[in-house]
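Observations on the model geometry
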Amino acid sequence: MKIRTGAARLCAFALALSLLASCSAKEYSSEKPENESKSVAELKSEKASQDNTKLVVAGSEIACGVDPTVYPAADYLLNMGAAEILFKVDADGIIKPSLAKQAVQLDDYTWKIELRPEAVFWSKAPVTAEAVISSLMRSKELDMKASPYLADMEFSVIDDYTIKVVTKSPNTDIKENLSYSQLVIHNTSAEYSYEDINSADYTGMYKISSFEPAMRMTFEKNENYWGKKPQIQTIVHEQIGDSDSRVMAAMSGQYHVVLDIDRASCKQIDESDVSHIVMVPGAQTMTIYLNTQNEALADYRVRQALAWGIDREELIMLGMEGLSEPVITWLGSNPAYKDIKNAFFTGYDPQKAEKLLDEAGWKLSDDQLRYKDGKQLKMLIRTFRNDKALGEAIQIQWRKLGVNASVKHGDYSLMSTAYENGDWEAAVEGWGAYGNVVGLLKTQYAPDGAANYGKYKDEKVDELLKNLAEAPNSESRHQAGVELSLYIAEKSPAIYICPRPQITAVSNKLEGFVPHFRQFENVVNADLRIGL
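Quick caveat, the model's predicted, so the values are computed rather than measured.

Conventions used here
- Residues numbered from 1 in each chain as written.
- Predicted model: local features only at pLDDT ≥ 70, side-chain atom pairs only at ≥ 80, totals over all residues.
- Heavy atoms only, no water.
- Helix = DSSP H or I, 4+ residues; strand = E, 2+ residues; numbered from the N terminus.
- Rg over C-alpha atoms; globule rule 2.2 N^0.38 Å.
- Buried < 20%, exposed > 50% of the residue type's maximum accessible area, 1.4 Å probe, protein only.
- Contact = heavy atoms within 4.5 Å.
- Areas by Shrake-Rupley, 256 points an atom, 1.4 Å probe, with all protein chains shown as cover.
- Lys, Arg positive; Asp, Glu negative; His and termini not counted.
- Charge placed at Lys NZ, Arg CZ, Asp CG, Glu CD.
- Pairing = 2+ DSSP bridges.
- Salt bridge = Lys/Arg side-chain N within 4 Å of Asp/Glu carboxyl O.
- Axes fitted to C-alpha atoms, helices over the stretch in contact; angles between N-to-C directions.
- Parallel < 35°, antiparallel > 145°, perpendicular 65-115°, else oblique.
- Left-handed = near helix turned anticlockwise from the far one by under 90°.
- Nonpolar A, V, L, I, M, F, W, Y, C, P; charged D, E, K, R; others polar.
- Phe/Tyr/Trp six-rings, centres within 6.5 Å; stacked < 30°, edge-to-face > 60°.
- Polar contact = N/O pair within 3.5 Å; in protein donor to acceptor, adjacent residues only side chain to side chain.
- pLDDT = per-residue confidence, 0-100.

On a plain count of helices and strands, the protein comes out with 16 helices and 21 strands. In terms of overall dimensions, the protein is globule-like: its C-alpha atoms have a radius of gyration of 25 Å, near the 24 Å expected for 532 residues. The buried share of the protein, taken over its 532 residues, is 55%. Considering only intrachain contacts with a sequence separation of at least 6, the fraction spanning at least 24 residues in the protein is 68%. Element-wise, carbon and sulfur atoms account for 50% of the exposed surface of the protein, whose accessible area totals about 22,800 Å². Put simply, the protein has 58 plus and 75 minus side-chain charges, and the middle of one group is 2 Å from the middle of the other.

What follows is the structure in structure tokens.
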């Protein structure tokens, strides 16, 4: 086993597992003191039965809180079965009704959403049309990631369980927009502030029972759930920030699902008799976002140089264990846009990169670094989760161009803070490229887009986004998406690398786990079982 964190962390993790087992044993014996007279076989059988009712999941992060408008709470609450969205994408990429019963298109601009009269919140309050609209409007107002998916739709109440939706663009598939993970339905009545677990009210099959920030969130079965009841009683979602520790957790036998497995550890886990690897190509593009507010990066020639100066094949090999393939456009990881996944940047061309930097005035000095007007060309690269190695590979490649590149790795809160205060030049992150293309591209490229971290502004982009939104049919909308993607590739406000592979370790005892190209929101389902 490749251990990067040293013996101290190994011992600490082993001690934690030992204490966990010890606490479980004490908890069991305190409930049934008469166990002392039972046989070892009987005790083991009863303990196995108890273990069969608790699912333990680990990942690099857990929900940051219980407010769905504060990223990434909604993703994790949805993933753990606590929250629900109106429509959900299945493993085959087909959008199906979830909390909603169905959606019917009435004309080019008008839809009708029928809700389930049997659906209730945890509080037993009915999930009415008014409650759903209020939830969506709260997300639109407070969540910059959710807003683009609702911007082109107007909602009104037809009756208690029917919603009318009018779109600005013709033939918009509202189901695609409303299947976005940030749009979980939550009770917005005055008594629910979402400041803590006691002031949250969702609709999912599990209710939050406890929350220790940055450590664990525990869920208990919702006995009033409107849909199919799960068999597993309790779910524990734990945060294990260190990648080596997650691998050890997957092989310990005490975790049933471990997300965010390091790519280098796949074989090690697959060869164990405890867990196996589930790997699904994600429709999520690994991107180097560039801070175009930075003086150097405001020049598109510098941005293009950085794009020509990365060897994607090498980045995939060094940073992702070879488990992906290059894409040049952000939509390139979406199967519907595979024809433009390798457009504009025809390959790795460091000579062209060096020429562009020279033209932009960044000259190579005797120290093999580039300067302009006495200033050094520096690039601080931000990374999180499993992307440290990828960031370091980018750093090496850019240093070959004479760029003084450095990497800062940490959790996502550090990335968010850096985006706000401008303490970054580049950041490695992946966004899902599947769904309604209008909302997706607005999120990436509109001046107020949630993923436009570098605040890139371009009148041509605004015009292309407008054309996209006003496209009269799916064919012209597709073509507008292609045109915008090719223009963005040329201007390079971000650099695209490859689809992110999703790697999950699943216990050999767990039955009913469904591999999904959006695994981050599809771990828990009602059919999960834990074998003995």
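Attention now goes to the side chain of N452. Following the sequence through the fold, N452 ends up in the loop between helix 14 (437-445) and helix 15 (459-469). If sequence neighbours within four positions are ignored, N452 has contacts with T443, Q444, Y445, A446 and P447.

Turning to the sheet that holds strand 15 (residues 375-376), a few remarks are in order. Taking strand neighbours across the sheet as the criterion, the three strands line up as 13-14-15 in an open arrangement whose pairing is antiparallel. Lying at the two open borders of the sheet, with one neighbouring strand each, are strand 13 (363-364) and strand 15. Relative to strand 15, strand 14 (residues 370-372) runs antiparallel, the two sharing two bridges. Following the sheet pairing, Y371 is matched in strand 15 by Q376.

Counting through the fold element by element, D311 comes out in the loop between helix 9 (300-308) and helix 10 (312-320). Look at D311: it is buried, it has no salt bridge, and the nearest opposite charge is K400 at 7.4 Å.

Attention now goes to the pairing of strand 18 (residues 426-432). Here strand 18 lies mainly inside the structure; six of its seven residues are buried. Direction of pairing for strand 16 (residues 378-383) relative to strand 18: parallel, over a ladder of two bridges. Counted as the bridge partner of R382 is A427 from strand 18.

Taken as a whole and judged by the stated rule, the model has 18 salt bridges. In this structure, the salt-bridge partner of E521 is K88, at a minimum N-O distance of 3.6 Å. Residue E521 is located in the loop between strand 20 (510-511) and strand 21 (529-530), and its partner K88 is located in strand 2 (residues 87-89); the two are separated by 433 residues in the primary sequence. Given the relative accessible area of 2%, E521 is considered buried. Relative accessible area serves as the criterion here: at 21%, K88 is assigned to the partly exposed category. The closest approach of N and O atoms between E521 and R518, which form a salt bridge, is 3.2 Å. The residues E521 and R518 share a single accessibility class, namely buried. It is possible to trace a salt-bridge network through shared partners that takes in K88, R518 and E521.

One way to put it is that helix 14 packs onto helix 15 with a least axis distance of 10 Å and a crossing angle of 165°. The orientation of helix 14 relative to helix 15 falls into the category roughly antiparallel. In this structure, the crossing between helix 14 and helix 15 has a hand that is left-handed. Residues V437, V438, L441, K442 and Y445 of helix 14 pack against V461, L465, L468 and A469 of helix 15. Considering only residue class, the contact of helix 14 with helix 15 consists of eight nonpolar, no polar and one charged.

Moving on, we get to the packing of aromatic side chains. Here the structure, examined in full by the defined rule, presents 12 aromatic pairs. Aromatic side chains W308 and F344 sit 6.4 Å apart centroid to centroid with 40° between the ring planes, which places their arrangement in the tilted category. Placement of the pair is W308 in helix 9 and F344 in the loop between helix 10 and helix 11 (350-359), with a sequence separation of 36 residues. Of the residues examined, W308 reaches a relative accessible area of 6% and is grouped as buried. For F344, a relative accessible area of 35% translates into the label partly exposed. Ring geometry for F384 against Y412: centres 4.9 Å apart, planes inclined by 65°, an arrangement best described as edge-to-face.

A separate point is the environment of K375. On the secondary structure map, K375 appears in strand 15. Between the C-alpha atom of K375 and that of A296, which follows or precedes it by 79 residues, the distance is 9.9 Å. K375 has contacts with E295, W362 and R370, leaving out every residue within four places of it along the chain. A distance of 3.1 Å separates a polar atom in the side chain of K375 from a polar atom in the side chain of E295.

With that settled, consider the packing of helix 10 against helix 12 (residues 388-399). Look at helix 10 against helix 12: their axes get within 8 Å of each other, and the N-to-C directions meet at 140°. In terms of orientation, helix 10 lies oblique with respect to helix 12. Where helix 10 crosses over helix 12, the handedness of that crossing is right-handed. For the pair formed by helix 10 and helix 12, the contact residues are E314, L315, L318 and G319 on the first element and A389, L390, A393, I394 and Q397 on the second. Taken together, the residues of the contact of helix 10 with helix 12 sort by class into six nonpolar, two polar and one charged.

On to the environment of A489, then. Relative to the assigned elements, A489 resides in helix 16 (residues 474-491). Overall, A489 belongs to the buried group, its relative accessible area being 3%. Here the alpha-carbon distance between A489 and D90, two residues 399 residues apart in the chain, equals 31 Å. For A489, the contacting residues outside a window of four places in its chain are T329, F344 and F345.

The share of residues in the protein with pLDDT of 70 or more is 90%, and the mean pLDDT across the chain is 88. Model confidence for the protein, summarised as mean pLDDT per element, is weakest for helix 1 (residues 6-31) at 36 and strongest for strand 5 (residues 110-115) at 98. Below a pLDDT of 50 lies the segment residues 1-38, which in the model reaches 34 contacts outside its immediate sequence neighbourhood of four places, other chains included.

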